[in-house]
Number of protein chains: 6
Amino acid sequence: MSLDETYERGLRVTEQLLGQRLDLPMGPGEPASGIDFRKLSVAQTFGESWTRTALDTRGRSLVSVAIAATLGASEPLRGQLRIALNSGVTKDEIVDLFIHLLAYAGAARAFEGYQIAMAVFAEHPNQD
Amino acid sequence: MSLDETYERGLRVTEQLLGQRLDLPMGPGEPASGIDFRKLSVAQTFGESWTRTALDTRGRSLVSVAIAATLGASEPLRGQLRIALNSGVTKDEIVDLFIHLLAYAGAARAFEGYQIAMAVFAEHPNQD
Amino acid sequence: MSLDETYERGLRVTEQLLGQRLDLPMGPGEPASGIDFRKLSVAQTFGESWTRTALDTRGRSLVSVAIAATLGASEPLRGQLRIALNSGVTKDEIVDLFIHLLAYAGAARAFEGYQIAMAVFAEHPNQD
Amino acid sequence: MSLDETYERGLRVTEQLLGQRLDLPMGPGEPASGIDFRKLSVAQTFGESWTRTALDTRGRSLVSVAIAATLGASEPLRGQLRIALNSGVTKDEIVDLFIHLLAYAGAARAFEGYQIAMAVFAEHPNQD
Amino acid sequence: MSLDETYERGLRVTEQLLGQRLDLPMGPGEPASGIDFRKLSVAQTFGESWTRTALDTRGRSLVSVAIAATLGASEPLRGQLRIALNSGVTKDEIVDLFIHLLAYAGAARAFEGYQIAMAVFAEHPNQD
Amino acid sequence: MSLDETYERGLRVTEQLLGQRLDLPMGPGEPASGIDFRKLSVAQTFGESWTRTALDTRGRSLVSVAIAATLGASEPLRGQLRIALNSGVTKDEIVDLFIHLLAYAGAARAFEGYQIAMAVFAEHPNQD
């Protein structure tokens with residue numbers, strides 16, 4: 001499978017996980033090579049890793065939330081929380097994950113991440 | 001002492017340190033288990049650690065600022081700086097702390113943290 | 001439940017997860033207060049978080065490995081990998097987790113962590 | 001060379017690198033010692049390191065962008081990207097740098113940093 | 001180009017950069033899927049990124065050293081330093097890079113990384 | 001004060017803090033410019049920051065331990081713990097600091113750092 005095919009496969013995966021195809025528009029003043037950043041980042045994550053099958057989608061989305069929250073990467077964390085809720089992870093599981101993060105990565109990171117989780121919970125008012 | 005008691009003790013400590021009881025309201029769409037995240041995070045920090053006595057409150061608040069600034073955790077850093085100023089740490093000591101952070105954790109982190117310190121200094125115009 | 005009870009509960013959990021009770025002997029020259037570090041760290045992790053039930057043990061151990069690997073915390077990572085293998089996580093799932101870490105947290109961290117995973121795999125030669 | 005001289009030299013370097021002298025005004029409620037934080041941070045970075053000659057300005061600005069992006073330090077990253085574009089680094093080189101960051105430090109950090117790069121690209125619409 | 005081809009291309013690149021093909025032997029007890037971790041990590045780094053041409057090999061190896069040193073990833077840092085010296089980066093440039101890291105990422109990280117640089121310098125006694 | 005003077009002042013400070021002058025011998029294959037890394041790192045830390053007086057030596061050494069432990073920088077942490085014990089910080093205060101680190105930066109980092117603290121405690125068997 002070529003990079004373009006892996007990129008295309010990755011975009012299809014984002015559609016399943018997020019309910020809509022990930023849209024990464026080029027910006028003003030951005031060089032043409034910027035498309036390569038998009039292709040490689042989507043291929044590496046959604047094309048090559050999310051399509052693997054030993055770890056199921058629920059387990060993989062828990063791992064994704066844990067990585068983004070530990071790094072304190074706000075916007076990626078927001079995206080991974082949306083994917084988790086779309087993949088059948090419950091809000092109670094996410095609370096448990098942040099309590100685990102509180103224990104292992106500490107209150108400073110966990111507090112920051114939980115504010116983002118609360119904002120994503122608010123986007124999904126009718127979901128458990 | 002039970003978790004609920006340690007949580008309650010922690011909330012009383014936040015009142016002493018911040019001049020008002022920490023208020024962590026539940027958000028829309030947040031599951032009921034979210035209260036456990038609040039209880040455990042307050043119990044672990046203000047209930048179990050801030051109440052210890054080998055390290056005094058001034059030393060402990062310097063350590064708290066140093067941890068949050070090193071992690072680059074903005075909102076926790078803001079809270080710890082307020083606690084430090086309320087606990088008798090002087091602004092000159094905070095400047096010295098950020099100069100130490102500049103030396104050991106570098107200009108990128110120190111610059112980011114110092115912007116937050118300047119915002120907290122501005123909230124306390126009449127304090128040394 | 002008091003801190004001593006939560007600590008004791010946490011130690012029993014380590015026995016289930018690791019096949020033997022976690023042993024944290026005091027060291028030469030360590031002050032008596034060092035026991036409090038043990039009590040609080042075991043209570044906060046194994047006593048308060050691992051005993052929660054929204055996230056199951058398999059999901060929780062995946063999250064634990066992800067946090068330790070993202071932080072680059074070698075000895076905690078080794079412990080969490082052992083717990084994961086003892087909790088029914090397969091080696092193939094762990095490989096998938098590190099491929100996900102490679103994608104989201106990068107080759108430098110993933111390479112370091114995978115060396116530790118290989119060492120733990122070698123301790124469990126007959127397990128899938 | 002005294003600290004004041006190294007600070008002054010550093011400020012002149014910022015003028016060359018940014019097209020205008022770095023301006024770090026004191027804030028309301030900030031103590032007089034705050035000037036020392038400015039002097040030491042400018043002296044340490046622009047006064048002592050940017051003036052060295054083994055690494056040329058282009059190489060040094062690539063390294064600066066890499067450090068700030070790896071740390072996830074947003075405002076310092078913005079400044080270093082402006083310096084890089086002013087120092088003859090091309091936008092295509094910056095894209096390549098973020099693709100390298102994607103590989104080695106992962107998609108979470110690289111995605112966050114690339115958003116900032118896109119904002120800086122937009123400030124320089126007519127530059128390659 | 002398929003993943004296997006990108007992996008193979010990446011291995012050829014390691015041969016050019018390190019003077020010998022990167023060898024990543026499977027370990028005892030490691031599952032067969034472990035080969036996928038190798039393929040993806042080599043493809044993502046040496047196959048997809050090091051083969052790009054906007055950033056030249058010297059610039060790219062400076063960036064690689066900066067990322068690994070900022071993360072505090074010891075073994076990856078060692079490898080990147082060897083690549084840098086093999087790619088025409090001088091020892092004086094590496095010293096300048098660590099002085100820049102000292103300024104921006106602080107003495108704690110810079111000190112740790114410089115110990116590794118000294119060990120790699122010792123492997124190359126006759127090189128400038 | 002010139003860089004050489006600040007370096008010399010910094011070395012005298014290390015003698016007061018550690019009981020012996022910091023010795024940083026040049027290594028085999030290290031370029032002559034390596035002396036500049038030593039001069040700048042000692043000047044920036046012990047020369048410019050430790051000599052400041054708003055924060056006292058005890059407070060500063062607590063902050064130093066907190067920064068190094070949060071970063072997970074093992075060898076710098078070992079040095080800062082020795083400085084702390086030489087500066088009148090008690091072992092009980094260090095235990096309290098690690099309990100605070102446990103709360104705010106989590107069990108993974110705190111566990112790693114506490115192992116180093118135990119090793120330093122063992123070097124000082126007769127001190128409180």
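Criteria and thresholds
- Residues numbered from 1 in each chain as written.
- Chains lettered and ligands numbered in written order.
- Predicted model: local features only at pLDDT ≥ 70, side-chain atom pairs only at ≥ 80, totals over all residues.
- Contact = placed C-beta atoms within 7 Å.
- Helix = DSSP H or I, 4+ residues; strand = E, 2+ residues; numbered from the N terminus.
- Nonpolar A, V, L, I, M, F, W, Y, C, P; charged D, E, K, R; others polar.
- Least-squares fit on C-alpha atoms with pLDDT ≥ 70 in both.
- Buried ≥ 20, exposed ≤ 12 C-beta atoms within 10 Å, placed from the backbone.
- Domains from an automatic or database assignment.
- Axes fitted to C-alpha atoms, helices over the stretch in contact; angles between N-to-C directions.
- Parallel < 35°, antiparallel > 145°, perpendicular 65-115°, else oblique.
- Left-handed = near helix turned anticlockwise from the far one by under 90°.
- Expected span 1.5 Å × (residues − 1).

A. Fine view of the interface of chain A and chain C. Contact residues are listed per partner, giving 28 residues for chain A and 28 residues for chain C. For the side of chain A that touches chain C, the elements supplying multiple residues, two or more each, are helix H2 (34-47), helix H3 (57-71) and helix H5 (91-105) of chain A. In terms of residue count, H5 of chain A provides more of the side of chain A that touches chain C than any other element does, 11 residues in total. Taken together, the residues of the side of chain A that touches chain C break down into 14 nonpolar, 8 polar and 6 charged.

B. Looking closely at the interface of chain C and chain E. Between chain C and chain E, the residue contacts involve 19 residues of the former and 20 residues of the latter. Secondary-structure elements contributing two or more residues to the side of chain C that touches chain E are helix H5 (91-105) and helix H6 (107-123) of chain C. With 10 residues, the single largest contributor to the side of chain C that touches chain E is H6 of chain C. Among the residues making up the side of chain C that touches chain E, the classes are represented as 13 nonpolar, 2 polar and 4 charged.

C. Local environment of the relation of the copies chain A and chain C. Least-squares fitting of chain A to chain C yields an RMSD of 0.0 Å, with the superposition described by an axial translation of 0.0 Å and a rotation of 180 degrees. Overall, the copies show the geometry of a two-fold rotation axis. Using C-alpha coordinates, one finds that chain A approaches the rotation axis most closely at Val63 of chain A, a distance of 2.7 Å. When you check the interface residues of chain A against chain C, 100% turn up at the interface there too, and the contact is symmetric in its surfaces.

D. Up close: the environment of Ala69 of chain C. Residues and elements named next belong to chain C. Turning to its location among the elements, Ala69 is positioned in helix H3 (residues 57-71). What makes Ala69 buried here is the crowd of 31 C-beta atoms within 10 Å. When the C-alpha atoms of Ala69 and Arg21 are compared, they prove to be 23 Å apart, with 48 residues separating the residues in sequence. What Ala69 contacts, discounting residues up to four positions off in sequence, is Leu77, Leu101, Arg109 and Gly113.

E. Layout of the domain arrangement of chain A. Residue and element names in this part refer to chain A. As assigned here, chain A comprises domain 1 (1-52) and domain 2 (56-128). The C-alpha centroid of domain 2 is placed 22 Å from the C-alpha centroid of domain 1. Contact with domain 1, which involves 4 residues of that partner, is made by 5 residues of domain 2. Among the residues making up the side of domain 1 that touches domain 2, the classes are represented as 3 nonpolar, 1 polar and no charged.

F. How the structure looks around the packing of H3 of chain C against helix H4 (residues 74-86) of chain C. All names here are of chain C. For the pair H3 and H4, interaxial distance at closest approach is 9 Å and the crossing angle is 160 degrees. When the axes of H3 and H4 are compared, the pair comes out roughly antiparallel. In the crossing of H3 with H4, the sense of the turn from one axis to the other is left-handed. On H4, the residues that touch Ser61, Leu62, Ser64, Val65, Ala68 and Ala69 of H3 are Pro76, Leu77, Gln80, Leu81, Ile83 and Ala84. Grouping the constituent residues of the contact of H3 with H4 by class yields 9 nonpolar, 3 polar and no charged.

G. A look at the packing of H2 of chain A against helix H5 (residues 91-105) of chain D. Remark: H2 of chain A packs on H5 of chain D, axes separated minimally by 9 Å, with the N-to-C direction vectors making an angle of 10 degrees. It follows from the interaxial angle that H2 of chain A and H5 of chain D lie roughly parallel. Here Gly34, Asp36, Phe37, Leu40, Ser41 and Gln44 of chain A of H2 of chain A come into contact with H5 of chain D, specifically with Val95, Phe98, Ile99 and Leu102 of chain D. Taken together, the residues that form the contact of H2 of chain A with H5 of chain D break down as 6 nonpolar, 3 polar and 1 charged.

H. Helix H5 (residues 91-105) of chain B, seen in detail. In a regular helix each residue adds 1.5 Å, so 15 residues correspond to 21 Å; H5 of chain B covers 20 Å between its end C-alpha atoms and thus fits that length. The buried fraction of H5 of chain B amounts to 14 of the 15 residues, a majority that puts the element mostly inside the structure.

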